[in-house]
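Descriptive structure summary
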Amino acid sequence: MSNDASSSRLGRSTRLLHAGAPALHGGSGPVNVPVVRTSTVRFESSAAYADLHHRRAAGERLATYGRHGLDTHRALEDAVTALEGGHRAFLTPSGLSAITLVLVALLSPGDHALVADSVYSPVRRVDDSLLQRLGITLEYFSPSQDDLAAKIRPSTKLVYLESPSSLLYEVLDLPALAAVARAHGIPVATDNTWGAGWFYQPLALGANLSIHAATKYISGHSDVMQGIVVTDSAALSAKIATAHEALGLTVGADDAYLALRGLRTLPVRLAQHQRHATQVAEWLQGQPQVSRVFYPALASDPGHALWQRDFSGANGLVSFAFEEGVDVRAGEQFIDALRFFGIGASWGGYESLALVASPDRLREHSVWTGTQPVVRLHVGLEDPQDLIADLQQAFARVAQGVELAPA
Ligand SMILES: *Cc1c(COP(=O)(O)O)cnc(C)c1O
């Protein structure tokens with residue numbers, strides 16, 4: 001059976017399941033690509049050595065050394081490229097290194113980049129600790145309140161976005177922002193970790209690079225750190241390839257295997273996360289201690305219309321703000337009281353998690369001026385009635401604590 005998984009006439013699940021599948025040899029073969037671990041690539045002759053090096057230098061996606069990754073890596077790259085409708089995918093050791101790769105590959109001393117103020121906040125650490133020293137200026141802007149065109153300078157070489165944003169899930173109007181950048185010849189990179197390539201297709205909406213923390217939903221089981229950069233053109237692939245090579249970025253074959261295994265079940269896991277998260281979000285809206293629920297799939301969410309237009313679903317991330325006047329300590333008491341939500345960063349695994357975002361951290365997001373803590377929940381695949389009962393008893397504990405505190 002031949003399977004041209006890239007055919008755009010096929011459904012997206014079919015393409016996702018078959019892209020990167022290993023060919024049969026001698027009449028049979030495994031379903032999954034094998035884990036091919038190596039440091040050294042052996043060549044059959046000096047002529048083959050020269051030929052492969054030459055072809056790699058000309059841009060062919062093949063390995064002449066273990067650092068470049070072999071079959072396992074190629075299969076994952078193929079599957080993610082098919083998922084995103086991109087030109088080429090690059091694997092990196094973490095989501096953060098994928099972000100840094102894009103910034104370093106596309107920006108030079110003297111360059112300026114416009115960055116959405118609501119991005120994953122470690123981007124600001126890359127800025128403070130590395131890019132400023134290299135003479136690169138990042139300027140943060142509010143994608144919903146500022147006029148992007150007015151912020152563009154002659155030295156602007158990149159627009160960097162994330163939609164929906166971290167913690168508060170502000171949905172950006174990517175087609176409109178990308179049109180402005182395109183009119184100025186500036187590439188747009190966007191962090192696509194939230195949509196995981198399944199709910200959101202940023203390259204089709206005008207972005208030129210899509211960045212993933214595959215650590216999250218793509219791997220999906222809280223056991224892998226990995227990043228992926230997907231490009232939309234040969235020209236951008238060449239720039240990313242040069243920096244990827246220079247930085248010596250590489251991913252272990254076992255981790256590439258696990259990310260690919262996770263990818264095959266991404267649509268079913270995400271659908272279930274959405275069902276559970278929607279129940280939790282709707283329940284949270286009725287709670288007296290909650291002033292606002294952040295979840296773009298809720299009709300009351302300010303980003304709902306854009307989300308409906310540009311996304312095909314929502315994931316397990318639900319944040320909520322307590323009422324005004326509640327302090328961070330109450331937020332901490334709340335998550336400490338939870339039984340089924342682990343306390344921890346990251347998300348996208350099968351399990352539920354909770355984290356308190358302090359008002360300090362939220363001040364970076366110009367769309368939010370509240371002074372109360374926000375709790376970010378990752379709603380996992382546990383039974384939602386158990387999760388809701390857990391949240392209910394934690395609210396009761398906080399209410400008790402507040403009542404017991406001396407006036
Ligand atoms: C977690 C995360 C990252 C970073 O990924 P790591 O693999 O943890 O380095 C980047 N962007 C977003 C939106 C994330 O949630």
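Here we summarise the structure given alongside this text. A quick note: this is a predicted structure, and the numbers were derived from the prediction, not measured.

Here we take up the packing of helix 3 (residues 71–84) against helix 9 (residues 253–264). Where helix 3 meets helix 9, the axes come as close as 8 Å, and the angle between the chain directions of the two elements is 35 degrees. In the packing of helix 3 onto helix 9, the handedness of the crossing is left-handed. From helix 3, Thr72, His73, Ala75, Leu76, Ala79, Val80 and Leu83 reach across to helix 9, where they touch Ala253, Ala256, Tyr257, Ala259, Leu260, Leu263 and Arg264. Split into classes, the residues belonging to the contact of helix 3 with helix 9 amount to 11 nonpolar, 2 polar and 1 charged.

Taken together, 14 residues sit near the ligand, with Gly95, Leu96, Asp191, Thr215 and Lys216 positioned nearest. Within the backbone of Gly95, one N or O atom sits 2.7 Å away from an oxygen atom of the ligand. Measuring from an oxygen atom of the ligand, one finds a side-chain N or O atom of Lys216 at 2.6 Å. Look at the ligand: alone it shows 380 Å² of surface, and the protein chains cover 92% of it. Top element by residues in the shell around the ligand is helix 4 (residues 95–106). It accounts for 3 residues.

With respect to the helices and strands, Ser352 occurs in the loop between strand 10 (342–343) and strand 11 (353–357). For Ser352, a relative accessible area of 2% puts it in the buried group. Not counting residues within four places of it along the chain, the set of residues in contact with Ser352 comprises Phe340, Phe341, Gly342, His378, Val379, Gly380, Glu382 and Leu387. Side chain to side chain, Ser352 and Glu382 meet in a polar contact 2.7 Å long.

This brings us to the environment of Ser142. You can see Ser142 is positioned in the loop between strand 3 (137–141) and helix 6 (148–151). We classify Ser142 as buried; its relative accessible area is 4%. Taking the C-alpha atoms as reference points, Ser142 and Ser28, 114 residues apart in sequence, are found 55 Å from one another. Setting aside its immediate chain neighbours within four residues, Ser142 contacts Asp117 and Ser366.

As a packed pair, helix 9 and helix 10 (residues 266–285) sit with axes 5 Å apart at the nearest point and diverge in direction by 60 degrees. Overall, the two elements helix 9 and helix 10 adopt an arrangement that is oblique. Contacts from Gly262, Leu263 and Arg264 in helix 9 reach Leu266, Pro267 and Arg269 in helix 10. Of the residues contributing to the contact of helix 9 with helix 10, the split by class is 3 nonpolar, 1 polar and 2 charged.

Calculation rules
Residues numbered from 1 in each chain as written. Predicted model: local features only at pLDDT ≥ 70, side-chain atom pairs only at ≥ 80, totals over all residues. Heavy atoms only, no water. Axes fitted to C-alpha atoms, helices over the stretch in contact; angles between N-to-C directions. Helix = DSSP H or I, 4+ residues; strand = E, 2+ residues; numbered from the N terminus. Left-handed = near helix turned anticlockwise from the far one by under 90°. Contact = heavy atoms within 4.5 Å. Nonpolar A, V, L, I, M, F, W, Y, C, P; charged D, E, K, R; others polar. Near = heavy atom within 4 Å. Polar contact = N/O pair within 3.5 Å; in protein donor to acceptor, adjacent residues only side chain to side chain. Areas by Shrake-Rupley, 256 points an atom, 1.4 Å probe, with all protein chains shown as cover. Buried < 20%, exposed > 50% of the residue type's maximum accessible area, 1.4 Å probe, protein only. Parallel < 35°, antiparallel > 145°, perpendicular 65-115°, else oblique.

The values reported here are purely geometric and, on their own, carry no functional implication.
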